[in-house]
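Structural features, examined
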Amino acid sequence: MHQARLEVSRHTSGEVHVVALAGEIDHTTTGILRDALTTDGSYPRYTVLDFQGVTFMDSSGINVLVAANNAARRHDGWLRLAHTPQRVFDLLHIVGLDDVVALYSTVSDALAA
């Protein structure tokens, strides 16, 4: 059986938590995604997710994104996505998350918005 892999790179830009992802986001990797999105056990106020290296995402990834977005909004913050591949964009669109979470072409655009 194939085990999905997800690689994560994190840094900050001012107050913004920037997370670059590469690989697959599914039920076997959502724990990795959730850990990448949290600091000290809670979601940061401002986060940009770079999806450039993501090759697949299913509904379990959507659940993590919704939780991160809701947590950011509770603290007057935001979650933004950058470099969203077409396959991931299509999923976000089907569930209506593209109407809730801002999508940007690049991380720089997401940071500057």
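Provided above is the structure to which this section pertains.
Residues numbered from 1 in each chain as written. Predicted model: local features only at pLDDT ≥ 70, side-chain atom pairs only at ≥ 80, totals over all residues. Heavy atoms only, no water.

1. Comments concerning the environment of Val 16
Here Val 16 is to be found in strand β2 (residues 16-25). Assessed through its relative accessible area of 10%, Val 16 is described here as buried. Along the backbone, Val 16 and Arg 45 are 29 residues apart, and their C-alpha atoms lie at a distance of 7.7 Å. (Helix = DSSP H or I, 4+ residues; strand = E, 2+ residues; numbered from the N terminus. Buried < 20%, exposed > 50% of the residue type's maximum accessible area, 1.4 Å probe, protein only.)

2. Regarding the pairing of β2
Taken across its 10 residues, β2 has seven buried, putting it largely inside the fold. As defined by bridge partners, strand β1 (residues 6-13) adjoins β2 across eight bridges and the pair is classed as antiparallel. Along β2, the bridge assignment pairs Ser 9 with Ala 20. Here β1 folds back onto β2 in antiparallel fashion, the turn holding two residues, of which Gly 14 has a positive phi close to 65°. In this sheet, strand β3 (residues 46-57) lies alongside β2 in parallel orientation, the contact comprising eight bridges. Each residue of the ladder has a partner; that of His 17, found in β3, is Thr 47. Of the crossover connections in this fold, the one passing from β2 over helix α1 (residues 30-37) to the parallel β3 is right-handed. (Pairing = 2+ DSSP bridges. Right-handed = clockwise from strand over helix to strand, strands pointing away.)

3. Description of the side chain of Thr 38
With respect to the helices and strands, the residue Thr 38 is situated in the loop between α1 and β3. At a separation of 3.3 Å, a polar atom in the side chain of Thr 38 contacts the main-chain carbonyl oxygen of Asp 35. In contact with Thr 38, other than residues within four places in its own chain, are Arg 10, Tyr 43 and Pro 44. (Polar contact = N/O pair within 3.5 Å; in protein donor to acceptor, adjacent residues only side chain to side chain. Contact = heavy atoms within 4.5 Å.)

4. Focus on the nonpolar core
Ranked by internal contacts, the top residues of the largest apolar core, which has 24 residues, are Leu 21, Leu 49, Phe 51, Met 57 and Leu 65. Put simply, the parts of the chain that give this core at least two residues each are β2, α1, β3, α2 (59-74), β4 (78-82) and α3 (86-95). Of all hydrophobic cores here, the second largest spans seven residues; its members include Val 16, Val 18, Ala 82 and Val 107. (Core = buried A, V, L, I, M, F, W, Y, C linked by side-chain atoms within 4.5 Å.)

Fair warning: the whole summary comes from geometry, so function is off the table for now.
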